[in-house]
Amino acid sequence: MSVRLPRTFPLPTVTVPDAVDRQFRLLECTARHFEGPELFTADAGVVPGPGRPRTTAKVEAVLADFFGAEAAALVQGAGTGALRAGLGAALEPGDPLLIHRAPVYRTTAHTLRGLGLRAVEADFNDPREPARALASGDFRWAYVQHTRQRLADSYDPGVVLAACRAAGVRTVVDDNYAALRVPECGVELGADISCFSLFKLHGPEGVGAVVGAADLVARVHRDNYSGGGQVQGHQALDALRALTHVPVMWAVQSQVAAEVAGRLTAGEVPGVAEAALANAQDRCVLVRLARPLARALPAAAARHGAAPYPVGANSRYEIVPLVYRLSGSALADAPHLADWVVRINPMRAGADLVLDILRRALTDLRGGGEDHDAGRCPPARATGAAAGPRRPARAVPPAPGPED
């Protein structure tokens, strides 16, 4: 069987100038809802009145303002917790939910099963299928994952949401890996609620957001009344501080990913047969190797400084390039790619480092060993300066669970 990358349809990204504008707008929203001293203090607990920390309520107001939504709620459980809270606020057990025909992200599948929802599939890549489903009158709600579930997915989330809205069907959007990276997230495109992780936006561990219609957000707050379930004020402020640099950081990262894909396509790294940009799940570079070395490549790349596995997919912990296997949902759809394809996310690095790590790792796996200059970082393109020696090779931690 001949193995090739499927044609991919990357989502649009935000340019650096637009990202700067977004950063400034976020601070304008912050100034509207906070007095200066409040940004240095935080409360905690089930505060009488809001039923949650006042600081948390103010950060929620900032997010609602920034995304042009009626309301927002911060929840525990990161992106998975946000989706669980959003879907739980919208639907009752046994309700039908229109979803895309594709392998479902595994934690989302657990949520659908745990809530007792009846998922009904239609291929969103073919507009006729959701149109027929929406015309049936069987659905009050649809669920749209903004980023791609299958590598070859091509649907425009905005078009799907508009069709749902025209049919009177309300929508929940999984905006993990998309919020602040694409020009408009789900709620900005007309969805009833967007659910996403703030941990993926450099916020503290476990914090997620539900942003959108006031009736649904109010139910999220009612369902999350327990003090132990609250996002405390210091967590909320931490998440807000992190957001102030995320738009520019992700715009730069998108530029680097495009450069990496272009240079690999031009043949800069021996052993690479094909490269393409994709949103699988995070925006990344898919790399098809000339030999079936994909299972061994992440560990080899880690010995040269790459991250051996994701933490939160763009969390604050992830700074070096990630060289990793395809996601569990992508492999469920295309298992024949497991031996041939890896995904690469530059994280905070430049293209030179990404390509150098990949080149060295492939050299090792081909049995060529390291070249005479392997103990040094790649030269900086602007100055030609070389960096100091690398540390000795480290042991690679074991790989995590099946989905990341």
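Residues numbered from 1 in each chain as written. Predicted model: local features only at pLDDT ≥ 70, side-chain atom pairs only at ≥ 80, totals over all residues. Heavy atoms only, no water.

**Examining the overall build of the protein**
Then comes step 1: Check the secondary structure of the protein and you find 12 helices and 11 strands.
Then comes step 2: Taking 2.2 N^0.38 as the reference for a compact globule, 404 residues should give roughly 22 Å; the C-alpha atoms of the protein span a radius of gyration of 22 Å, in line with that estimate.
Then comes step 3: Its C-alpha atoms give the protein principal-axis dimensions of about 65 × 55 × 35 Å.
Then comes step 4: In the protein, which comprises 404 residues, the share counted as buried stands at 53%.
Then comes step 5: Counted over contacts in the protein with a minimum sequence separation of 6, partners at least 24 positions apart contribute 71%.
Then comes step 6: The centroid of the 43 positive side-chain charges in the protein is displaced by 4 Å from the centroid of its 42 negative side-chain charges. (Helix = DSSP H or I, 4+ residues; strand = E, 2+ residues; numbered from the N terminus. Rg over C-alpha atoms; globule rule 2.2 N^0.38 Å. Buried < 20%, exposed > 50% of the residue type's maximum accessible area, 1.4 Å probe, protein only. Contact = heavy atoms within 4.5 Å. Lys, Arg positive; Asp, Glu negative; His and termini not counted. Charge placed at Lys NZ, Arg CZ, Asp CG, Glu CD.)

**Points about the pairing of strand β1 (residues 71-76)**
Then comes step 1: Most of β1 sits inside the fold, with five of its six residues counted as buried.
Then comes step 2: As judged from the six bridges shared by β1 and strand β7 (residues 207-212), these two strands associate in the antiparallel manner. Residue pairing across strands places A72 opposite V211, the latter belonging to β7. (Pairing = 2+ DSSP bridges.)

**A short note on the packing of helix α3 (residues 78-90) against helix α7 (residues 214-223)**
Then comes step 1: Packing of α3 against α7 brings their axes to within 9 Å, and their N-to-C directions diverge by 110 degrees. For the element pair α3 / α7, the angle class is roughly perpendicular. Seen from above, α3 lies across α7 with right-handed handedness. Between α3, through A85, G88, A89 and A90, and α7, the contact on the second element is made entirely by L216, R219 and V220.
Then comes step 2: Partitioned by chemical class, the residues of the contact of α3 with α7 number five nonpolar, one polar and one charged. (Axes fitted to C-alpha atoms, helices over the stretch in contact; angles between N-to-C directions. Parallel < 35°, antiparallel > 145°, perpendicular 65-115°, else oblique. Left-handed = near helix turned anticlockwise from the far one by under 90°. Nonpolar A, V, L, I, M, F, W, Y, C, P; charged D, E, K, R; others polar.)

**Description of the packing of aromatic side chains**
Then comes step 1: A full pass over the atoms with the stated rule returns four aromatic pairs.
Then comes step 2: Aromatic side chains F124 and Y155 sit 5.6 Å apart centroid to centroid with 85 degrees between the ring planes, which places their arrangement in the edge-to-face category. Taken together, the residues span a long stretch of sequence, with F124 in the loop between β3 (118-122) and α5 (128-135) and Y155 in the loop between β4 (141-145) and α6 (157-166) at a distance of 31 residues.
Then comes step 3: The class for Y155 is buried, based on a relative accessible area of 3%.
Then comes step 4: Taken together, the ring pairs in this structure connect F66, F67 and F196 into an aromatic cluster.
Then comes step 5: When the ring centre of W250 is taken as reference, the NZ or CZ atom of R181 above it lies at 4.2 Å. (Phe/Tyr/Trp six-rings, centres within 6.5 Å; stacked < 30°, edge-to-face > 60°. Lys NZ or Arg CZ within 6 Å of the ring centre and 35° of its normal.)

**So, the sheet that holds strand β11 (residues 341-345)**
Then comes step 1: The sheet built from four strands is open, its strands ordered β8-β9-β11-β10 with antiparallel pairing. The strands lining the two open edges of the sheet, one partner per strand, are β8 (272-279) and β10 (322-325). Adjacent strand axes in the sheet meet at a mean angle of 30 degrees when their direction is disregarded.
Then comes step 2: Packed on one face of the sheet, helix α9 (residues 246-265) meets β8, β9 (283-289) and β11 and runs near 155 degrees to β8.

**Describing the side chain of R22**
Then comes step 1: With respect to the secondary-structure elements, R22 resides in helix α1 (residues 16-33).
Then comes step 2: Within the structure, the side chain of R22 is placed 3.4 Å from the backbone oxygen of L180, a separation counted as a polar contact.
Then comes step 3: The residues contacting R22, other than those within four sequence positions of it, are V14, F66, L180, R181, V182, P183, E184 and P247. (Polar contact = N/O pair within 3.5 Å; in protein donor to acceptor, adjacent residues only side chain to side chain.)

**Things to note about the pattern of salt bridges**
Then comes step 1: Counted according to the given criterion, the structure contains 23 salt bridges.
Then comes step 2: In this structure, a network of salt bridges that share partners links the residues E259, R263, E268 and D352. (Salt bridge = Lys/Arg side-chain N within 4 Å of Asp/Glu carboxyl O.)

**Some thoughts on helix α12 (residues 351-365)**
Then comes step 1: For α12, spanning 15 residues, the distance from its first C-alpha to its last is 21 Å, which sits close to the expected 21 Å at 1.5 Å a residue.
Then comes step 2: Of all the positions in α12, only A351, D352, V354, L355, D356, I357, L358, R360, A361 and L362 are classed as buried.
Then comes step 3: On its buried side, α12 packs onto α9, β8, β9, α10 (297-302) and β11.
Then comes step 4: Backbone geometry just after α12 places G367 at a positive phi near 85 degrees. (Expected span 1.5 Å × (residues − 1).)

**Details of α3**
Then comes step 1: In a regular helix each residue adds 1.5 Å, so 13 residues correspond to 18 Å; α3 covers 18 Å between its end C-alpha atoms and thus fits that length.
Then comes step 2: Turning to α3, its buried residues are A78, G79, G81, A82, L83, G86, L87, G88, A89 and A90.

**Remarks on the nonpolar core**
Then comes step 1: In this structure, F67, L74, F196, L198, L201 and V211 are the most contacted members of the largest nonpolar core, which totals 31 residues.
Then comes step 2: Secondary-structure elements contributing two or more residues to this core are α1, α2 (54-67), β1, β7, α8 (233-243) and α9.
Then comes step 3: At six residues, α2 tops the list of elements feeding residues into this core.
Then comes step 4: Sequence-distant contacts of L201, defined by excluding residues within four places in its chain, comprise A179, L180, F196, A242, L243, V246, W250 and N314.
Then comes step 5: Formed by 28 residues, the second largest nonpolar core is a distinct cluster that contains A261, A300, V323 and L358. (Core = buried A, V, L, I, M, F, W, Y, C linked by side-chain atoms within 4.5 Å.)

That is the geometry; function is a separate question.
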